[in-house]
Amino acid sequence: QVQLVESGGGLVQPGGSLRLSCAASGFTFRSYAMTWYRQAPGKERELVAGITHTGDTTNYADSVKGRFTISRDNAKNTVYLQMNSLKSEDTAVYYCNAQSAYILHRTYWGQGTQVTVSS
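Residues numbered from 1 in each chain as written. Predicted model: local features only at pLDDT ≥ 70, side-chain atom pairs only at ≥ 80, totals over all residues. Heavy atoms only, no water.

Got a minute to help me understand the side chain of serine 100 in this structure?
Tracing the backbone shows serine 100 in strand E9 (residues 92-100). Polar side-chain contacts of serine 100 include one of 2.9 Å to the backbone nitrogen of isoleucine 103. Look past the residues within four positions of serine 100 in its chain and what remains in contact with it is Ser31, Tyr32 and Arg106. (Helix = DSSP H or I, 4+ residues; strand = E, 2+ residues; numbered from the N terminus. Polar contact = N/O pair within 3.5 Å; in protein donor to acceptor, adjacent residues only side chain to side chain. Contact = heavy atoms within 4.5 Å.)

Structure, rendered in structure tokens:
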């Protein structure tokens, strides 16, 4: 069955770093664009960073440009989000999303991982 399992979240001080991972199984990972979203309490879910199925194009929310880096390893069926210079406003549940590059509306979500930035 399809699974997206996020890991790497936790509590970090402002200015610190975390690396999130999302391990995929049950579908052809290399055929899916991957995106990280986040949702803070009382706010709507927002796109953080995305990467195409080939890995040759990435995009970022303005709020994280220059601080976050998305990458993928198709051999390991895993997408990563390296988060540096973390701020309190980065506190949220981070979700991994897979969107098929070939099948319209074929999308999967992970269960989320909590990131808390606080001193």
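It is not clear to me how the sheet that holds strand E8 (residues 78-83) should be interpreted in this structure. Could you clarify?
Hydrogen bonding along the main chain pairs the strands of a sheet, whether they run parallel or antiparallel. Read from one edge to the other, the open sheet built from four strands follows the order E1-E3-E8-E7, with strand pairing classed as antiparallel. Each edge of the open sheet carries a strand with a single partner, namely strand E1 (3-7) and strand E7 (68-73). Adjacent strand axes in the sheet meet at a mean angle of 15°, parallel and antiparallel pairs treated alike. Where strand E3 (residues 18-25) and E8 come together, six bridges link them in antiparallel fashion. (Pairing = 2+ DSSP bridges. Axes fitted to C-alpha atoms, helices over the stretch in contact; angles between N-to-C directions.)

Help me understand the nonpolar core in this model?
Nonpolar side chains in soluble globular proteins tend to end up buried together. If you look at the biggest cluster of nonpolar residues, it comprises 30 residues, and the most contacted ones within it are Leu4, Met34, Trp36, Val79, Leu81, Met83 and Tyr94. The residues contacting leucine 81, other than those within four sequence positions of it, are Leu18, Arg19, Leu20, Trp36, Val48, Ala49, Phe68, Thr69, Ile70 and Tyr94. (Core = buried A, V, L, I, M, F, W, Y, C linked by side-chain atoms within 4.5 Å. Buried < 20%, exposed > 50% of the residue type's maximum accessible area, 1.4 Å probe, protein only.)

Don't take any of this as a statement about function, it's just geometry.
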